[in-house]
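Structure assessment
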Amino acid sequence: DSEGVKVLCYSFNLNPQNDYTTTVNLLVKGLEANRTYTVTKYELSKTKANSWKIATQAGVTQAQCENSIALVDSINTQSSLQEETVGSYSSGAEKQISFSVPMPSFSATLFVIK
């Protein structure tokens, strides 16, 4: 569609102490032939789009957040999802693209292919 193809991937483990990176290999078929597609992603992880991490690094306390909506708004703005470019790929005559991306444990990533 006009919004492209979207693929949501998530990484989960029953043991929250496990910290690892997984390589995600995506193969997207059924695309238009001989067209260049741009792949972007939005990642939610312990280091990206994570207001707790930002507040902790800044030394912000719960009491400070309870007393300042401006502070909460600032942290939320800093922790908003950011679009990242994965790359450009040609679909070729096979009408497909493939790419690999590292994905941290306990994360979710939305890939957008346009």
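Keep in mind the model is a prediction, meaning the values are calculated, not measured.

One pass over the structure, following the stated rule, counts five salt bridges. Put simply, Glu32 and Arg35 hold a salt bridge, and the shortest N to O gap is 3.7 Å. A salt bridge links Lys48 to Glu84, with the nearest nitrogen and oxygen atoms 3.0 Å apart. Here the residue Lys48 occupies a position in the loop between β3 (36-44) and α1 (51-58), and Glu84 occupies one in strand β4 (residues 83-90), the gap between them amounting to 36 residues. Here the salt bridges do not stand alone but share partners, grouping Lys41, Glu43, Lys48 and Glu84 into one network.

Where β3 meets β4, seven bridges bridge the pair, whose relative direction is antiparallel. Along β4, the bridge assignment pairs Tyr42 with Glu83. Inspection of the sheet shows β3 paired to strand β6 (residues 107-113) by six bridges, in the antiparallel sense. Note on β6: the bridge partner recorded for Lys41 is Phe111.

Our next topic: the packing of aromatic side chains. Aromatic rings in a pair are described by how distant their centres are and how their planes are angled relative to each other. For the structure shown, the criterion picks out three aromatic pairs. Among the aromatic side chains, those forming a connected cluster through ring pairs are Tyr89, Phe99 and Phe111. The ring of Tyr37 is capped by Arg35, whose NZ or CZ atom sits 4.2 Å from the centre of that ring.

If you trace the four strands from one edge of the open sheet to the other, you get β1-β6-β3-β4, paired in antiparallel fashion. The strands lining the two open edges of the sheet, one partner per strand, are β1 (5-11) and β4. Along the sheet, successive strands turn relative to each other by an average axial angle of 20°, direction set aside. With seven bridges joining them, β1 and β6 adopt antiparallel strand pairing. Counted as the bridge partner of Cys9 is Thr109 from β6.

Rules used in this analysis
Residues numbered from 1 in each chain as written. Predicted model: local features only at pLDDT ≥ 70, side-chain atom pairs only at ≥ 80, totals over all residues. Heavy atoms only, no water. Salt bridge = Lys/Arg side-chain N within 4 Å of Asp/Glu carboxyl O. Helix = DSSP H or I, 4+ residues; strand = E, 2+ residues; numbered from the N terminus. Pairing = 2+ DSSP bridges. Phe/Tyr/Trp six-rings, centres within 6.5 Å; stacked < 30°, edge-to-face > 60°. Lys NZ or Arg CZ within 6 Å of the ring centre and 35° of its normal. Axes fitted to C-alpha atoms, helices over the stretch in contact; angles between N-to-C directions.

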